[in-house]
Amino acid sequence: MVADKIEKWQNYPFGRAWQKAFAFLNTLTPTTNDAKYEIEGEEIFAIVMSYNTLPREDAVIESHQKYVDIQATLRGVEGFECFCADTLTIKTPYDTTKDITFYEKNAICHSRIHVAEGYFVMFLPHDAHMPCLRVDDKEAYIKKVVVKIKAELLEV
């Protein structure tokens, strides 16, 4: 997992796919339409979405095998709990068509982060995460983007 300011993306030498993802991220504003955006076909794409943050009991823990997630908040602040996927109990086995595994919420997270405007967090395939969380138990309407990069394209 990596978390930092979007403006510091160049501190991470993850290759051409990383550069393309951040070139796209730097074009977004809080008024960008909610939609799926192709950056490089199904190799690299982004989904801009808006929603209300959730209490922990309504959120889910997930991980992905095929794609790396770069998540950035365009408006508001979103909480994430982070876990090592191999320490969790699987609730719903890996779905190859949706690239997602869901986990039971019987583990304590190893870290919790708040991603505000201008920041990003990147989750690798071994990083399970619980997104959509309220910060300070206050519901908030947020807009965010999730950039998906095929894991084998990222130079780590």
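Scroll up a little and you will see the structure.
The rules we used
- Residues numbered from 1 in each chain as written.
- Predicted model: local features only at pLDDT ≥ 70, side-chain atom pairs only at ≥ 80, totals over all residues.
- Heavy atoms only, no water.
- Core = buried A, V, L, I, M, F, W, Y, C linked by side-chain atoms within 4.5 Å.
- Buried < 20%, exposed > 50% of the residue type's maximum accessible area, 1.4 Å probe, protein only.
- Helix = DSSP H or I, 4+ residues; strand = E, 2+ residues; numbered from the N terminus.
- Contact = heavy atoms within 4.5 Å.
- Disulfide = S-S within 2.5 Å.
- Phe/Tyr/Trp six-rings, centres within 6.5 Å; stacked < 30°, edge-to-face > 60°.
- Lys NZ or Arg CZ within 6 Å of the ring centre and 35° of its normal.

Asks: Honestly, the nonpolar core in this entry has me stumped. Any pointers?
Replies: Within soluble globular proteins, side chains that are nonpolar tend to cluster in buried spots. If you look at the biggest cluster of nonpolar residues, it comprises 25 residues, and the most contacted ones within it are Trp18, Phe22, Ile70, Met122, Val145 and Val147. Listed by contribution, the elements that provide at least two residues to this core are helix H1 (16–25), strand S3 (44–52), strand S5 (67–75), strand S10 (119–123) and strand S12 (141–150). By residue number, the principal contributor to this core is H1, which donates six residues. Contacts of phenylalanine 22, omitting those with residues within four sequence positions, involve Ile6, Trp9, Ile70 and Phe120. Listed in part, the 10 residues of the second largest apolar core include Ala85, Tyr103, Ala128 and Met130.

Asks: Just to check I follow, could you spell out the state of the cysteines for this structure?
Replies: Any covalent bond linking the sulfur atoms of two cysteines counts as a disulfide. The full count for this structure, using the stated rule, is zero disulfides. Not part of a disulfide, cysteine 109 finds its nearest cysteine sulfur in cysteine 82, a span of 7.2 Å. Looking at cysteine 109, the relative accessible area reads 22%, which means it is partly exposed. Cysteine cysteine 132 remains unbridged, with the sulfur of cysteine 82 as its closest cysteine sulfur at 13 Å.

Asks: Help me understand unusual backbone geometry, please; the structure alone is not making it clear to me.
Replies: What is expected of a backbone is that most residues other than glycine have negative phi and most peptide bonds are trans. At aspartate 99, a position not held by glycine, the phi torsion is positive, near 50°. When you line up the elements, aspartate 99 lands in the loop between strand S7 (90–95) and strand S8 (100–103). For aspartate 99, a relative accessible area of 4% corresponds to the buried category. Look at aspartate 136: it is not a glycine, yet its phi comes out positive at around 55°. In this fold, aspartate 136 is placed in the loop between strand S11 (127–133) and S12.

Asks: Any chance you could explain the packing of aromatic side chains here in plain terms?
Replies: A ring pair, where both rings are aromatic, is described by two values, the distance of the centres and the angle of the planes. Overall, the coordinates contain 11 aromatic pairs when judged by the stated rule. Look at tyrosine 12 and phenylalanine 120: their rings are 6.4 Å apart centre to centre, the planes differ by 90°, and that puts the pair in the edge-to-face class. Highlighted residues: tyrosine 12 in the loop between strand S1 (2–5) and H1 and phenylalanine 120 in strand S10, separated in sequence by 108 residues. Centre to centre, the rings of tryptophan 18 and phenylalanine 120 are 5.9 Å apart; their planes meet at 70°, and the pair counts as edge-to-face. In this pair, tryptophan 18 is assigned in helix H1 and phenylalanine 120 in strand S10, connecting sequence segments 102 residues apart. Each of the two residues, tryptophan 18 as well as phenylalanine 120, counts as buried. An aromatic cluster is present here, built from Trp9, Tyr12, Phe14, Trp18, Phe22 and Phe120 joined pairwise through their rings. Sitting over the ring of phenylalanine 45, lysine 36 keeps its end group 4.4 Å from the ring centre.

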